[in-house]
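# Breakdown of the fold
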Amino acid sequence: MRFLNRYKIDTIDYVANQKKSIEIPRTGVLMGLNFHLTFTNTTDSSAPSGATFFALAALLKRIELKAGGSDTPINTTGPALAAKQFLDFGQFGAGSDNSQISYSTSTATTYHVHLYLPLFLPRHRVPDDTGLPLFAIPQTTLTVTWGTIADMFGTVNAS
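All values derive from a computational prediction rather than experimental measurement.

Definitions and limits used
- Residues numbered from 1 in each chain as written.
- Predicted model: local features only at pLDDT ≥ 70, side-chain atom pairs only at ≥ 80, totals over all residues.
- Heavy atoms only, no water.
- Helix = DSSP H or I, 4+ residues; strand = E, 2+ residues; numbered from the N terminus.
- Contact = heavy atoms within 4.5 Å.
- Pairing = 2+ DSSP bridges.
- Axes fitted to C-alpha atoms, helices over the stretch in contact; angles between N-to-C directions.
- Salt bridge = Lys/Arg side-chain N within 4 Å of Asp/Glu carboxyl O.
- Buried < 20%, exposed > 50% of the residue type's maximum accessible area, 1.4 Å probe, protein only.
- Core = buried A, V, L, I, M, F, W, Y, C linked by side-chain atoms within 4.5 Å.
- Phe/Tyr/Trp six-rings, centres within 6.5 Å; stacked < 30°, edge-to-face > 60°.
- Polar contact = N/O pair within 3.5 Å; in protein donor to acceptor, adjacent residues only side chain to side chain.

### Some remarks on the overall build of the protein
Along the protein, the regular secondary structure elements total 2 helices and 8 strands. Listed N to C, the secondary structure of the protein is β-β-β-β-β-α-β-β-β-α in terms of helices and strands. Long-range contacts, defined as pairs at least 24 residues apart, comprise 77% of the intrachain contacts of the protein with a sequence gap of at least 6.

Put into C-alpha cells, the structure is as follows:
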C-alpha cells in the first residue's frame, strides 16, 4: 500500500545574491519539492524591459540539493526548472511564464510563482521506485542562491 505524506519544510528568506540553506527532514522517500515564490516588483519612472527566459523564475539563480554532504543530485537554475516542468508535465509553473510581467511604469506588482522539482522519473513505469530515499542518507540540504531584478529583466530600471 502506498502512502503519500506532504511536509511543509522551512522557509528560505530572500537576500539578493546570497546563498541560503535548509535541512530537509529525513522521512521516507522524497518525490519532489514545491517552490512557491511570492514577491513584489516595484518599478520606478521607467518600465522594465528585456525580460529574460522564464524571467520570474530567474529569481532562483541556482538550486542545489546535496545528499550525504558530497553528492549533488540536483543542480539547476530557476528558468531551467520552469522549462523542465513544461517538458515533463506539459504545463508552465503557475506564474512563471513571461506573460505575467507588468510593463507599466510606476507600479507595484505582486507575483506568485509556483515551480515543482520532481525527484522521480515522471514517465517511468513505476515512478515510486525512482525517488530519493532520505532515510538512507545521513543529511540532505537544499541550497538556494537568490538572484536579483537584473537577473529577471536584464536591466536595472526596476527595484
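### As for the sheet that holds strand β1 (residues 19-23)
The sheet built from 4 strands is open, its strands ordered β1-β8-β4-β5 with antiparallel pairing. Each edge of the open sheet carries a strand with a single partner, namely β1 and β5 (71-76). Recorded for the sheet is a direction-independent mean angle of 15° between the axes of neighbouring strands. Relative to strand β8 (residues 140-146), β1 is paired through 5 bridges, and the arrangement is antiparallel. Bridging across to β8, E23 finds its partner in T141.

### Describing the pattern of salt bridges
If you walk through the whole model with that rule in mind, you get 2 salt bridges. Of the charged contacts in the structure, one is a salt bridge between D151 and K61, with a shortest N-O distance of 3.6 Å. One end of the pair, D151, is in helix α2 (residues 149-153); the other, K61, is in strand β4 (residues 60-67), with 90 residues separating them in the sequence. The exposure class of D151 is partly exposed, given its relative accessible area of 27%. Residue classification places K61 among the partly exposed residues on the basis of a relative accessible area of 33%.

### Observations regarding the pairing of strand β3 (residues 32-42)
Where a strand is regular, its side chains alternate between the two sheet faces. Taking every second residue as pointing to the same face, the buried face of β3 carries L33, F35, L37, F39 and N41, while none of G32, N34, H36, T38, T40 and T42 on the other face is buried. Inspection of the sheet shows β3 paired to strand β6 (residues 108-118) by 11 bridges, in the antiparallel sense. Across the sheet, the residue bridging to T38 is H112, located in β6.

### Section: the nonpolar core
Formed by 35 residues in total, the largest nonpolar core has its most connected members in F35, L65 and L142. Counting only elements with at least two residues in this core, the list comes to β3, β4, α1 (78-89), β6, β8 and α2.

### Some points on the packing of aromatic side chains
Under the definition given, this model contains 2 aromatic pairs. The interplanar angle of 75° and the centroid separation of 5.4 Å between the aromatic rings of Y14 and W146 together place this pair among those described as edge-to-face. Separated by 132 residues along the polypeptide, Y14 in the segment before β1 and W146 in strand β8 bring together distant segments of the chain. Residue Y14 is classed as partly exposed on the basis of its relative accessible area, which comes to 42%. Relative to Y111, the ring of F39 lies with its centre 5.5 Å away and its plane at 40°, an arrangement referred to as tilted. Note that F39 is positioned in strand β3 and Y111 in strand β6, a separation of 72 residues in sequence. Neither F39 nor Y111 differs from the other in exposure class; each is buried.

### Details of the environment of D151
Taking the C-alpha atoms as reference, D151 lies 6.9 Å from L59; in sequence the two are 92 residues apart. Among the polar contacts made by the side chain of D151, one reaches the main-chain amide nitrogen of T148 at a distance of 2.8 Å.

### Things to note about the environment of L142
Examined against the element boundaries, L142 turns out to sit in strand β8. By relative accessible area, which is 3% here, L142 ends up buried. Setting aside its immediate chain neighbours within four residues, L142 contacts I12, K20, S21, I22, I24, L33, F35, I63, E64 and L65.

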